[in-house]
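Residue-level listing of the chains:
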Amino acid sequence: MLDIQALRNDLEGVAARLATRGFVLDTKKFEQLEGERKTIQTRTQELQAKRNATSKQIGAAKAKGEDVSVIMAEVATLGDELKQAENQLDAVLITLQQFLGVIPNMPHASVPPGKSEADNVEVRKVGNIPKFDFAAKDHVDLGEKLGLDFDTAAKISGARFSLLKGGLARLHRALAQFMLDTHTEQHGYTETYVPYMVNEDSMYSTGQLPKFKQDLFEVPIAMNPVDRSDSQEKPRIFYLIPTAEVPVTNIVRDEIVALESLPMKFVAHTPCFRSEAGSYGRDTRGMIRQHQFDKVELVQMVHPDESYAALEQLLGHAETILQKLGLPYRVVKLCTGDMGFSAALTYDIEVWLPAQNTYREISSCSNFESFQARRMQARFRNAQGKPELLHTLNGSGLAVGRTLVAVLENCQQADGSVVIPEVLRPYMGGMEKLSP
RNA sequence: GGAAGCGUGGCCGAGUGGUUGAAGGCACUAGUCUUGAAAACUAGCGAGGAUGAGAGUCCUCCGUGAGUUCGAAUCUCACCGCUUCCGCCA
């Protein structure tokens with residue numbers, strides 16, 4: 001969420017910056033809502049002040065044993081008037097909140113302008129693209145002989161799920177463990193185990209709700225044994241996490257943490273669940289785009305002055321994994337039009353996939369500045385002792401499924417076997433290759 | 001699933017429906033004392049918001065939401081969460 005003060009002080013400026021990412025800010029609507037809010041809030045507070053003063057008078061008079069009927073008559077209608085004003089205020093505040101809740105973050109000044117993926121800017125290329133003296137297979141063809149089974153997964157669940165068996169399943173586990181160990185032992189992250197289902201507040205805090213409900217899987221909470229069909233309350237549900245970013249970042253929701261505890265660095269390995277609504281027909285082959293995939297996620301909560309330095313570091317931590325695995329990749333800076341809702345600046349890391357003859361996203365590292373922190377009231381006590389919003393960041397380090405794809409395709413041999421990268425061998429019981 | 005209890009500031013913990021945003025303590029910050037530190041003493045110390053150039057003034061917040069009342073941390077109801085005991089279970 002943006003700071004409402006920023007909209008009040010420089011509405012046109014904010015609108016202009018949001019326009020660069022393709023968001024049209026309805027400035028008329030905002031001015032109208034703000035005007036209403038101001039009028040109603042002032043009036044409500046006046047009435048509240050009057051009620052408070054009168055009630056104190058009554059209390060004081062009663063204490064002295066005086067007659068209070070005159071004062072009571074005076075405020076007879078105050079209650080209704082106040083109730084009405086408060087209801088109006090609630091309504092306009094909710095509308096204002098909803099208005100603010102769907103405005104995306106403002107891009108950092110350094111974000112390249114652009115409309116789509118095509119306008120992203122390449123920052124660097126790392127590693128050597130492998131040259132094969134045979135026709136490179138994609139991971140589906142390679143995996144078929146190694147234990148990758150989409151047909152059975154489809155029988156068990158449906159489309160966009162995968163089943164791994166044998167060495168391939170172990171390689172998947174090895175990748176996750178290798179990533180976790182690297183980040184905890186070498187990069188200073190604290191390992192966390194988190195819930196995979198979260199409540200609505202958590203989803204709102206990190207920005208998945210209210211705008212991207214269609215991307216999430218919902219799980220109804222079986223409860224309320226009594227039939228409360230007369231109830232106005234909406235049924236409560238859990239959401240399956242689309243990324244560990246959600247539960248991990250929410251660690252600091254509604255907290256005021258000590259200055260000395262910064263930066264906070266967490267890593268979590270979790271499954272991620274995405275409905276992939278709206279991506280029918282895209283990446284239907286293979287395990288590139290699934291309803292369920294594993295990811296090792298890096299999350300940091302930092303002092304506002306440190307967040308851009310922290311982003312560079314976090315990006316480096318993710319890159320380290322690819323370097324250790326010997327996978328070629330490139331880093332791109334997303335343009336204004338391609339960034340996610342909550343991000344102020346995002347780097348994507350794209351790994352080379354020989355079969356597709358292109359780079360594909362394997363990590364996304366973002367600085368959200370105070371956007372998420374404001375939604376979740378995540379603060380620290382600054383040097384002056386005052387609460388101040390944190391900056392939050394996160395990045396994949398890395399998406400495990402796509403890393404598995406990259407290893408298969410980049411390390412394949414002419415005979416259909418796959419050489420296991422050195423760093424993974426300790427996790428594979430010393431195994432050097434996967435063979436059909 | 002059954003029974004009972006409990007949710008108050010960064011933390012602990014008082015709180016008879018009426019100047020209670022809330023006693024007291026801890027922590028924290030200044031100051032006094034001390035060679036220095038500790039201890040002791042003194043003072044300060046919740047968050048969010050409206051308005052104002054500012055000093056200030058005002059509003060909201062005691063798990064959440066409704067309700068009763070001129071007035072609710074305090075009374076009523078529902079929900080959420082936590083604790084303990086029994087049952088069941090990985």
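From a predicted model like this one, the values you see are computed outputs, not experimental measurements.

Rules of the game
Every residue gets a number counted from 1 within its own chain, in the order that chain's sequence is written. Throughout, the order in which chains and ligands are written sets their labels, letters from A for the former and numbers from 1 for the latter. Predicted model: local features are reported for residues with pLDDT of at least 70 only, side-chain atom pairs are reported and counted for 80 or more only, and whole-chain, interface and lining totals are derived from all residues. Computation of side-chain values covers all heavy atoms of the structure but excludes hydrogens and water. By the criteria applied, helices consist of DSSP H or I runs no shorter than four residues and strands consist of E runs no shorter than two, each listed in order from the N terminus. Note on classification: 1.4 Å probe, protein chains only; a residue is buried when its accessible area is under 20% of the maximum for its type, exposed when over 50%, partly exposed between these limits. Under the convention used here, Asp and Glu are negative, Lys and Arg are positive, and both His and the chain ends fall outside the count. The salt bridge definition used is simple: a Lys or Arg side-chain nitrogen within 4 Å of an Asp or Glu carboxyl oxygen. Polar contact criterion, stated in full: a pair of N or O atoms within 3.5 Å, where within protein one must be able to donate a hydrogen and the other to accept it, and residues adjacent in sequence count only if both atoms are side-chain atoms. Contacts are residue-level and defined by heavy atoms, with any inter-residue pair within 4.5 Å sufficient. In this description, a nonpolar core means a group of buried Ala, Val, Leu, Ile, Met, Phe, Trp, Tyr and Cys residues linked to one another through side-chain atoms lying within 4.5 Å. Aromatic contacts are taken between Phe, Tyr and Trp rings whose centres are within 6.5 Å, Trp giving its six-membered ring; a plane angle under 30 degrees counts as stacked, one over 60 as edge-to-face, and the others as tilted. Our definition puts a charge over a ring when NZ of Lys or CZ of Arg is within 6 Å of the ring centre and also within 35 degrees of the ring normal. On a range of 0 to 100, pLDDT expresses the predictor's confidence in each residue. Criterion used throughout: strands pair if DSSP finds at least two bridges between them. Throughout, an axis means a line fitted to C-alpha atoms (over the contacting stretch in the case of helices), and angles, computed between N-to-C directions, take values from 0 to 180 degrees. Orientation labels follow simple angle bins: below 35 degrees gives roughly parallel, above 145 gives roughly antiparallel, 65 to 115 gives roughly perpendicular, and whatever is left gives oblique. Crossing handedness: left-handed means the near helix sits turned counterclockwise from the far one by under a right angle, and right-handed means the same turn made clockwise. Polar here means any residue outside two lists: the nonpolar Ala, Val, Leu, Ile, Met, Phe, Trp, Tyr, Cys and Pro, and the charged Asp, Glu, Lys and Arg; Gly therefore counts as polar.

Colleague: Go over the side chain of Arg21 with me, naming the residues and quoting the values.
Modeller: Turning to its location among the elements, Arg21 is positioned in the loop between helix H2 (11–19) and helix H3 (27–63). With no salt bridge to any partner, buried Arg21 finds its closest opposite charge in Asp338, at an N-O distance of 9.1 Å. At a separation of 2.9 Å, a polar atom in the side chain of Arg21 contacts the main-chain carbonyl oxygen of Asn105. Apart from the residues within four sequence positions on either side, Arg21 is in contact with Pro104, Asn105, Pro107, Thr336, Gly337, Met339, Gly340, Phe341 and Ala343.

Colleague: Can you tell me about the nonpolar core, naming the residues and giving the values?
Modeller: With 57 residues, the main nonpolar core has Leu168, Leu171, Leu175, Met179, Leu322, Ile349 and Leu434 as its most contacted residues. Going through the elements one at a time, helix H8 (166–185), strand S10 (292–302), helix H11 (307–325), strand S11 (329–333), strand S12 (345–353), strand S13 (358–367), strand S16 (391–399) and helix H13 (400–410) are the ones with two or more residues in this core. Setting aside its immediate chain neighbours within four residues, Leu434 contacts Leu146, Gly167, Leu168, Leu171, Ser417, Val418, Ile420 and Met428. Ranked by size, the runner-up nonpolar core spans 22 residues in total, among them Leu11, Phe30, Met106 and Phe341.

Colleague: Now, about the packing of aromatic side chains: what can you tell me, with residues and values included?
Modeller: Inspection of the entire model under this criterion finds seven aromatic pairs. Ring geometry for Trp352 versus Tyr359: centroids 5.0 Å apart, planes at 70°, classification edge-to-face. When its relative accessible area of 9% is taken as the criterion, Trp352 is described as buried. Of the aromatic side chains, those joined through ring pairs into one cluster are Phe212, Phe341 and Phe371. For the cation-ring pair, Lys265 lies above Tyr189, with the distance from its terminal atom to the ring centre recorded as 5.0 Å.

Colleague: Give a description of the confidence of the model for chain A that names residues and reports values.
Modeller: When pLDDT is averaged along chain A, the result is 90; 97% of the residues meet or exceed 70. Element-level mean pLDDT values for chain A span from 76 in helix H4 (residues 69–74) up to 98 in H11. Counting contacts from residues 223–233, a segment whose pLDDT is below 50, to residues more than four positions away or on other chains yields two contacts. Across the assembled chains, the prediction reports ipTM 0.82 with pTM 0.91.

Colleague: Lay out the environment of Leu334 in plain terms, naming residues and giving numbers.
Modeller: Summarising the element assignment, Leu334 is placed in the loop between S11 and S12. Under the relative-accessibility criterion, Leu334 is labelled buried at 4%. C-alpha separation for the pair Leu334 and Ala118, spaced 216 residues apart in sequence, amounts to 9.5 Å. With sequence-adjacent residues up to four places away left out, Leu334 is seen in contact with Val111, Pro112, Asn120, Met339, Thr346 and Asp348.

Colleague: So what about the pattern of salt bridges? Which residues, and what values?
Modeller: A side chain with one charge can pair with a side chain of the opposite charge if their charged atoms come near. On inspection of all chains with the given rule, the structure shows 16 salt bridges. A salt bridge links Arg8 to Glu34, with the nearest nitrogen and oxygen atoms 2.9 Å apart. On the criterion of sequence distance, the pair formed by Arg8 in helix H1 (residues 4–9) and Glu34 in helix H3 is long-range, its members being 26 residues apart. Here Arg8 falls in the partly exposed class, since its relative accessible area comes to 35%. Residue class for Glu34 comes out buried when judged on its relative accessible area of 11%. For Arg289, the salt bridge is made with Glu276, and the minimal N-O distance between the two is 3.4 Å.

Colleague: Please provide a residue-by-residue account of the sheet that holds strand S5 (residues 197–198), values included.
Modeller: If you walk across this open sheet you meet the three strands as S5-S7-S6, and the pairing is antiparallel. The open sheet terminates on both sides in strands that have one partner only, identified here as S5 and strand S6 (218–220). In the sheet, S5 pairs with strand S7 (residues 237–240) via two bridges, with the strands oriented antiparallel. Counterpart to Met197 in the pairing with S7 is Leu240.

Colleague: Residue-level account of the packing of H8 against H11, with values.
Modeller: Running from N to C, H8 and H11 cross one another at 130°; their axes reach a closest spacing of 10 Å. As judged from the angle between their axes, H8 and H11 are oblique. Between H8 and H11 lies a crossing of right-handed hand. Each of Leu175, Phe178, Met179, Thr182 and His183 in H8 lies in contact with H11, whose residues at this interface are His317, Ala318, Thr320, Ile321, Lys324 and Leu325. Tallied by class, the residues present in the contact of H8 with H11 amount to six nonpolar, four polar and one charged.

Colleague: Describe in detail the environment of Gly401, supporting the description with residues and values.
Modeller: Here Gly401 is to be found in helix H13. Put simply, Gly401 and Leu175 are 226 residues apart on the chain and 9.1 Å apart in space, counted from C-alpha to C-alpha. Those residues in contact with Gly401 that lie beyond four places of it in its chain are His172, Met287 and Asp294.

Colleague: Can you tell me about unusual backbone geometry, naming the residues and giving the values?
Modeller: The peptide bond linking Leu262 to Pro263 adopts the cis configuration, its omega dihedral lying at -5°. Within the fold, Pro263 resides in the loop between strand S8 (256–257) and strand S9 (264–273). Here the residue pair Gly397 and Leu398 is connected by a cis peptide bond, since its omega of 10° sits within 30 degrees of zero. Within the element layout of this structure, Leu398 appears in strand S16.

Colleague: Account for the pairing of S16, naming residues and giving values.
Modeller: With nine of nine residues buried, S16 is to be regarded as a mostly interior element. The pairing of S10 with S16 spans seven bridges and is antiparallel. Looking at the pairing, Val299 lines up with Asn394 of S16. Where S13 and S16 come together, three bridges link them in antiparallel fashion. Each bridged residue has a counterpart across the sheet, and for Cys365 the counterpart in S16 is Gly395.

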